[in-house]
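Observations on chain architecture
These are the residues of each chain, in order.
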Amino acid sequence: MPTGIDWICVSPKAGTELALTAGDDLKLVFPQPEAMPERFEHLAFTRLLLQPMDGPDREANTAAAVAYCLEHPQWQLSLQTHKYLGIS
């Protein structure tokens, strides 16, 4: 990272490699079968955030994300606020 950056947030996507493996927030859209949380929880991020995937299955994805966070307390539930506000 360039010097002077005060907050690092990474949002991994299925099928990609991470350029950064440490930082402040790791925000993972859930579920992504090829990017499950276990793959990232060992990395050096201050907060691990799980965000339910938007779309026609949003309700089910939200329930699954909540259940996952309850079973794995190192993960916190987060929302893709821009989706709820209609900002793409």
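Just above sits the structure.
To start, this report covers the structure provided alongside it. If you're wondering where the values come from, they're calculated on a predicted model, not measured in any experiment.

Conventions adopted
Residues numbered from 1 in each chain as written. Predicted model: local features only at pLDDT ≥ 70, side-chain atom pairs only at ≥ 80, totals over all residues. Heavy atoms only, no water. Helix = DSSP H or I, 4+ residues; strand = E, 2+ residues; numbered from the N terminus. Buried < 20%, exposed > 50% of the residue type's maximum accessible area, 1.4 Å probe, protein only. Polar contact = N/O pair within 3.5 Å; in protein donor to acceptor, adjacent residues only side chain to side chain. Contact = heavy atoms within 4.5 Å. Core = buried A, V, L, I, M, F, W, Y, C linked by side-chain atoms within 4.5 Å. Pairing = 2+ DSSP bridges. Right-handed = clockwise from strand over helix to strand, strands pointing away.

**Overview of the side chain of Asp25**
The topology assignment puts Asp25 in strand S2 (residues 22-30). Residue classification places Asp25 among the buried positions, given a relative accessible area of 5%. Separated by 3.4 Å, the side chains of Asp25 and Trp7 make a polar contact. Here the side chain of Asp25 touches Arg47 through a polar contact of 2.9 Å, side chain to side chain. In this view, Asp25 contacts Trp7, Ile8, Cys9, Val10, Phe45, Arg47 and Leu49; residues no more than four positions away in its chain are not counted.

**Notes on the environment of Tyr84**
Inspection of the secondary structure assignment puts Tyr84 in helix H2 (residues 81-85). Residue Tyr84 is classed as partly exposed on the basis of its relative accessible area, which comes to 45%. Considering only alpha carbons, one finds Tyr84 and Lys27, 57 residues apart in sequence, at a separation of 17 Å.

**A look at the nonpolar core**
Core analysis: the biggest nonpolar cluster contains 15 residues, and Leu26, Leu28, Phe40, Phe45, Leu50 and Trp75 have the highest contact counts within it. At the level of secondary structure, the elements contributing two or more residues to this core comprise S2, strand S3 (44-52) and helix H1 (58-71).

**Side note on the pairing of S3**
The sheet contact formed by S2 and S3 spans eight bridges and is parallel. Looking at the pairing, Val29 lines up with Gln51 of S3. With three bridges joining them, S3 and strand S4 (residues 75-77) adopt parallel strand pairing. Across the sheet, Leu49 pairs through a bridge with Gln76, a residue of S4. One crossover worth recording links S3 to the parallel S4 by way of H1, and it is right-handed.

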